[in-house]
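Given next are the chains, with one letter for each unit.
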Amino acid sequence: MSTRPSVVYVHTSAILGGAERSFLDLAPFDFGIERIILPNEGPLAEKLRAMGAGDSLEILAMPKQVERISRSDGMANLWALFIAAPSIIGYAFRLHDRLKSKRPGLIYSHGIKNHFLLTCLAKILHVPIIWHLQDFWPRFLPARIFLSWALRGGARVICNSEAVRFDLDPKGRWTKQVRVVHNAIDPSAYPFLPDHSKRERRVIAFLGMLVPWKGPHVFLEAARILNEELGDFSRHVDFWVIGGSPYRTRGADEEYGNRIRSAAPANVKFFGLVEDPIALLQKIDLLCHTSIRPEPFGRVILEGMAVGAIVIAADLGGPRELIRIGSDGFLHEPGNARSLARAISEALRLSDSAQAEIRRRARAKVEERFNAKVFHSSIASFVQEAVSR
């Protein structure tokens, strides 16, 4: 008879992005998560308290120098790490003491910075560790050497897509330790609207962070192209941009957001950050995902499919695992605004019945393959395996 492990979950962020929403889908955390450690106060902490998990929550402040280190900096991180070394060491000691006092049966790590630090602390404390990897592992050599050391040492990894797993372990050497568990949503939280035929105006939207790699500039260029090509029909189309710049690792992100706002066509409406976008999603006819580099997963794609928006996603990384072209959505060439505009035009030209069928198939896929119950049970099983080995 298996016993429930004592799990300490340590997260590297306090915002409410896709990865954080996926973590919340693990609620009610009944497979052993007894303590949740966050780096600071923020929307994630507020959400956990609202869900009744406040008694399990602790804040252990992460130094600003560590917060600002970005995985995209590559080898430049070596200099950033050198500068931040005193802060990192101090933070590591505080985190070590906090973990030691909890005496966990397993450490559940979220966020690449945490994976580095917590793997070392898990070794010291002789505690198994699981990484929940929701991004591609850094490619610079020191990170790859660390990855090999961690896996040889017994670290286990949950990848949120086959794309992330293949990037991590292209030769399949670590199949017993690395498992794919796709992110998921609770379909019951997303009311489904299959028939959009009676709407007087069509809403085509982008939902995501206003940072360059997410490609909102691609969406806005496609909107400009469509305004020219659709002629009079463009007067019946609204383009929405839903999102902001939540991360503090890049001061340039805010400048980028301001720049694309100022250059947007007149029929584009900006909503800023929206904590709960479901009400807006229900008003969207076509949802565009426009990442210009491989997306680890793309939770917003599932959210659009669940409510009945036809999703047009970048043909790169995780989205390829979510959409079957023409059956339950469309794909476009990443970074190519004309390719996106063509896909939008193709979707708009479909009959109402054909559009409704795509929406129904997309919803059915979410319910069958990407629902929170499957996600929860898969994570719980992997946790139990890790503590029973």
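Refer to the preceding data block for the structure.
Quick caveat, the model's predicted, so the values are computed rather than measured. (Residues numbered from 1 in each chain as written. Predicted model: local features only at pLDDT ≥ 70, side-chain atom pairs only at ≥ 80, totals over all residues. Heavy atoms only, no water.)

Brief notes about the sheet that holds strand 3 (residues 57-59)
Spatial strand order, 3-2-1-4-5-6-7: seven strands in an open sheet with parallel pairing. Bordering the open sheet on either side are strand 3 and strand 7 (178-180), each of which pairs with just one other strand. Within this sheet the neighbouring strands show an average axis-to-axis angle of 20°, counted without direction. Most of the contacts of helix 2 (residues 43-50) go to strand 2 (residues 33-38), to which it runs at about 150°, and overall it touches strand 1 (7-11), strand 2 and strand 3. Strands in contact with helix 5 (residues 112-125) are strand 1, strand 4 (106-110) and strand 5 (129-133); relative to strand 5, the strand with the most contacts, it is inclined by about 175°. (Pairing = 2+ DSSP bridges. Helix = DSSP H or I, 4+ residues; strand = E, 2+ residues; numbered from the N terminus. Axes fitted to C-alpha atoms, helices over the stretch in contact; angles between N-to-C directions. Contact = heavy atoms within 4.5 Å.)

Topic: the pattern of salt bridges
In total, this model carries 23 salt bridges according to the counting rule given. For E303, the salt bridge identified is with R299, shortest N-O distance 3.5 Å. You can see E303 and its partner R299 sitting in helix 11 (residues 299-307), four residues apart, about one turn around the helix. Both residues of the pair, E303 and R299, belong to the buried class. One network of salt bridges, with partners in common, ties together R35, E58, R98 and K102. (Salt bridge = Lys/Arg side-chain N within 4 Å of Asp/Glu carboxyl O. Buried < 20%, exposed > 50% of the residue type's maximum accessible area, 1.4 Å probe, protein only.)

Some details on the pairing of strand 9 (residues 237-242)
Of all six residues in strand 9, five are buried; the element is thus mostly enclosed. Pairing geometry for strand 8 (residues 202-207) and strand 9, over six bridges, is parallel. Each bridged residue has a counterpart across the sheet, and for R202 the counterpart in strand 9 is V237. Regarding topology, helix 8 (residues 216-230) serves as the crossover connection from strand 8 to the parallel strand 9, and that connection is right-handed. (Right-handed = clockwise from strand over helix to strand, strands pointing away.)

Side note on the nonpolar core
With 37 residues, the main nonpolar core has L95, L99, W131 and W137 as its most contacted residues. Residue assignment for this core shows that the elements contributing at least two residues are strand 1, helix 4 (76-102), helix 5, strand 5, helix 6 (141-152), strand 6 (156-159) and helix 7 (162-168). For L95, the contacting residues outside a window of four places in its chain are I37, L60, L117, L118 and L121. Formed by 30 residues, the second largest nonpolar core is a distinct cluster that contains L210, F219, I310 and A337. (Core = buried A, V, L, I, M, F, W, Y, C linked by side-chain atoms within 4.5 Å.)

Description of the packing of aromatic side chains
Here the structure, examined in full by the defined rule, presents 10 aromatic pairs. With a centroid separation of 5.3 Å and 35° between ring planes, the pair formed by Y9 and Y108 is classed as tilted. You can see Y9 sitting in strand 1 and its partner Y108 sitting in strand 4, a full 99 residues away along the chain. A single burial state applies to Y9 and to Y108, both of which are buried. A centroid spacing of 5.4 Å and a plane angle of 50° characterise the contact between F146 and W149, whose relative ring orientation is tilted. With F146 and W149 both in helix 6 and three residues apart, this pair spans about one turn of that helix. Grouping aromatic residues by their ring pairs yields a cluster made of F116, W131, W137, F146 and W149. The lysine or arginine in question, K123, covers the ring of W149, its NZ or CZ lying 5.6 Å from the ring centre. Cation over ring: R293 sits above W213, and NZ or CZ is 4.2 Å from the ring centre. (Phe/Tyr/Trp six-rings, centres within 6.5 Å; stacked < 30°, edge-to-face > 60°. Lys NZ or Arg CZ within 6 Å of the ring centre and 35° of its normal.)

Overview of the sheet that holds strand 8
Adjacent strands of a sheet form backbone hydrogen bonds with each other and so pair up, either parallel or antiparallel. The six strands lie next to each other as 10-9-8-11-12-13, forming an open sheet whose pairing is parallel. Two strands close off the open sheet at either side, each with one partner strand: strand 10 (268-272) and strand 13 (330-332). On average, each strand axis in the sheet is tilted by 25° relative to the strand beside it, whichever way the strands run. The sheet contact formed by strand 8 and strand 11 (residues 286-288) spans three bridges and is parallel. For F206, the partnering residue across the bridge sits in strand 11 and is C288. Each of strand 8, strand 9, strand 10 and strand 11 is contacted by helix 8, which is oriented at about 170° to strand 9, the strand it contacts most. Helix-sheet contacts for helix 12 (residues 337-349) involve strand 8, strand 11, strand 12 (310-314) and strand 13, and the interaxial angle to strand 13 is about 160°.

Here we look at helix 8
The end-to-end C-alpha distance of helix 8, which contains 15 residues, comes to 21 Å, matching closely the 21 Å that a straight helix rising 1.5 Å per residue would cover. Within two residues after helix 8, G231 carries a phi angle of roughly 60°, on the positive side. (Expected span 1.5 Å × (residues − 1).)

A word on helix 2
Taken together, the buried positions of helix 2 are occupied by L44, A45 and L48. Taken end-on, helix 2 shows its buried residues confined to a sector of 100°, consistent with a single buried face. In helix 2, the exposed residues that point more than 90 degrees away from the buried face are E46 and A50. Structurally, helix 2 contributes buried residues whose contacts are with strand 1, helix 1 (18-24), strand 2 and strand 3. Following helix 2 by one or two positions, G52 has its phi on the positive side, about 90°. (Arc of directions from axis to C-beta.)

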